[in-house]
Amino acid sequence: MEKDAKIYVAGHQGMVGSAIVRELNRQGYKNIITRTHKELDLIYQEEVERFFEKEKPEYVFLAAAKVGGIAANESALADFMYENMMLEMNVIHSAWRNGCRKLEFLGSSCIYPRMAPQPMKESCLLTGELEKTNEAYALAKISGLKYCEFLNRQYGTDYISVMPTNLYGPNDNYHPKNSHVLPAMIRRFHEAKESCEASVVCWGDGSPLREFLYVDDLAELCVFLMNNYSGNETVNAGTGKEITIKDLACLVARVLGYEGEIKWDTSKPNGTPRKLLDVSKATVLGWKYKVELEEGIRLAYKDFLEHSMKRET
């Protein structure tokens, strides 16, 4: 990407999109286009088409999405599938129709089969059944990835995709019901510490293994791939390291200074037993994450405290 190229970041107010904007600014890209949800609702095709016809962005980072944890996914299956499929198809299709030079689609590691061999390689896509607790979201993301691939194959476009592991960091969603596991723990343990609660209850039995990537590391990879990768196969984004949910809870409690008991509600779902990405492809391309988990949690908690008025209640 040229430093003066016209770059559209879809979803710039979200955790991933805002990190990409920060990284682009850090690297000296100045011609960045953004629109708030109020200014441009990506679900509506006509609005998206008008925007692309007017602005003609040369490069697009598609980070916009409807996201949430297990509870949010299970309670709004249809919404997660419809909204994500509509917005991604509208953006990708309009980018193609208006001559976008390159597009990068941001997906999720939940696209891989529930019982995929670990660590999960990019090639294991569509080789088994999806995890039911986030199937709707996964199907939408798979559709976006495949549409990029099919445009490449049919029309010779240069559209790529990246599949991040569990993300956390600045501008995360700390909603008490709709957030992902790590931000949910940060909020829960913070509130328990503030109110001197004797115990905190977490979902499941704590046995699932998860991988976590600091969002600014992902943003660096996203810009790197836009400049250095072309291909139909997606690229995994992660650390290659995993931790049990139980150990994660203990780590968050320690970083935040909560000293009470951690209890487990085994009537609640665990989700996928293990989810670790094979990141050898990104490594061979020349990228590696920088922020270790404990440091990242400290940074995320600092951001949480500094932006307490912006938390969803």
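Conventions we followed
- Residues numbered from 1 in each chain as written.
- Predicted model: local features only at pLDDT ≥ 70, side-chain atom pairs only at ≥ 80, totals over all residues.
- Heavy atoms only, no water.
- Helix = DSSP H or I, 4+ residues; strand = E, 2+ residues; numbered from the N terminus.
- Polar contact = N/O pair within 3.5 Å; in protein donor to acceptor, adjacent residues only side chain to side chain.
- Contact = heavy atoms within 4.5 Å.
- Axes fitted to C-alpha atoms, helices over the stretch in contact; angles between N-to-C directions.
- Parallel < 35°, antiparallel > 145°, perpendicular 65-115°, else oblique.
- Left-handed = near helix turned anticlockwise from the far one by under 90°.
- Nonpolar A, V, L, I, M, F, W, Y, C, P; charged D, E, K, R; others polar.
- Core = buried A, V, L, I, M, F, W, Y, C linked by side-chain atoms within 4.5 Å.
- Buried < 20%, exposed > 50% of the residue type's maximum accessible area, 1.4 Å probe, protein only.
- Pairing = 2+ DSSP bridges.
- Expected span 1.5 Å × (residues − 1).
- Arc of directions from axis to C-beta.
- Salt bridge = Lys/Arg side-chain N within 4 Å of Asp/Glu carboxyl O.
- Phe/Tyr/Trp six-rings, centres within 6.5 Å; stacked < 30°, edge-to-face > 60°.
- Lys NZ or Arg CZ within 6 Å of the ring centre and 35° of its normal.

Draft legend 1. Local environment of the side chain of Thr133. Among the structural elements, Thr133 can be located in the loop between β4 (102-106) and α5 (135-155). Looking at Thr133, its side chain comes within polar contact range of the side chain of Glu131, at 2.6 Å.

Draft legend 2. Spatial organisation of the environment of Asp205. Inspection of the secondary structure puts Asp205 in the loop between β7 (199-203) and β8 (209-210). Along the chain, Asp205 and Ser267 lie 62 residues apart, while their C-alpha atoms are 8.8 Å from each other. In contact with Asp205, other than residues within four places in its own chain, are Lys246, Trp264, Thr266 and Asn270. Of the polar contacts made by the side chain of Asp205, one reaches the side chain of Ser207; its length is 2.7 Å.

Draft legend 3. Inspection of the packing of helix α8 (residues 245-256) against helix α10 (residues 293-306) at higher detail. Running from N to C, α8 and α10 point in directions that differ by 55°, and their axes come no closer than 10 Å. Taken together, α8 and α10 sit at an angle that is classed as oblique. Seen along the crossing, α8 lies across α10 with a hand that is right-handed. Facing Leu248, Leu251, Val252, Arg254, Val255 and Leu256 of α8, the residues of α10 in contact are Leu293, Glu294, Ile297, Arg298 and Tyr301. Tallied by class, residues from the contact of α8 with α10 come to eight nonpolar, no polar and three charged.

Draft legend 4. Summary view of the nonpolar core. In this structure, Tyr8, Leu42 and Leu103 are the most contacted members of the largest nonpolar core, which totals 39 residues. When residues of this core are traced back to their parent elements, those giving at least two are β1 (7-10), α2 (45-55), β3 (59-62), α4 (77-97), β4, α5 and β5 (159-164). For this core, the element with the highest residue contribution is α5, accounting for seven residues. Leu103 has contacts with Val60, Val91, Ile92, Ala95, Cys148, Asp158, Tyr159, Ile160 and Met226, leaving out every residue within four places of it along the chain.

Draft legend 5. Spatial organisation of the sheet that holds strand β11 (residues 243-244). Reading across the sheet, the three strands line up as β11-β8-β13 and stay open at both edges, with mixed pairing between neighbours. Looking at strand neighbours, the two that pair on one side only are β11 and β13 (274-275), the edges of this open sheet. The sheet contact formed by β8 and β11 spans two bridges and is antiparallel. Across the sheet, Arg210 pairs through a bridge with Ile243, a residue of β11.

Draft legend 6. Up close: the pairing of β3. A two-sided burial pattern is seen for β3, the buried positions comprising Tyr59 and Phe61 on one face and Val60 and Leu62 on the other. Sheet analysis places β1 next to β3, joined by four bridges and oriented parallel. Residue pairing in the sheet places Val9 in a bridge with Phe61 of β3. Bridging between β3 and β4 involves four bridges; their strand directions are parallel.

Draft legend 7. Structural context of α10. Taking 1.5 Å of rise per residue, 14 residues should cover 20 Å, and α10 covers 20 Å from first to last C-alpha, within 8% of that figure. Those residues of α10 not exposed but buried are Leu293, Gly296, Ile297, Ala300, Tyr301, Asp303 and Phe304. Relative to the axis of α10, the buried residues are bounded by an arc of 160° and lie together on one face.

Draft legend 8. Seen up close, the pattern of salt bridges. Counted by the stated rule, this structure contains 23 salt bridges. For Lys290, the salt bridge goes to Glu220, with nearest N and O atoms at 2.6 Å. Of this pair, Lys290 sits in the loop between α9 (280-285) and α10 while Glu220 sits in helix α7 (residues 215-228), and the two are 70 residues apart along the sequence. Judged by relative accessible area, Lys290 falls into the exposed class, the value being 54%. Of the residues examined, Glu220 reaches a relative accessible area of 19% and is grouped as buried. In this structure, Glu242 engages Arg274 in a salt bridge whose closest nitrogen and oxygen atoms are separated by 2.6 Å.

Draft legend 9. Examining the packing of aromatic side chains more closely. Considering all chains together, one arrives at nine aromatic pairs under this definition. Taking 4.8 Å as the distance between ring centres and 65° as the angle between the ring planes, the aromatic pair formed by Tyr174 and Phe304 counts as edge-to-face. On the criterion of sequence distance, the pair formed by Tyr174 in the loop between β6 (166-168) and α6 (181-194) and Phe304 in helix α10 is long-range, its members being 130 residues apart. With relative accessibility at 5%, the residue Tyr174 sits in the buried group. Through pairs of rings, three or more aromatic residues link up here, namely Tyr8, Phe51 and Phe52. For the cation-ring pair, Lys3 lies above Tyr29, with the distance from its terminal atom to the ring centre recorded as 4.2 Å.

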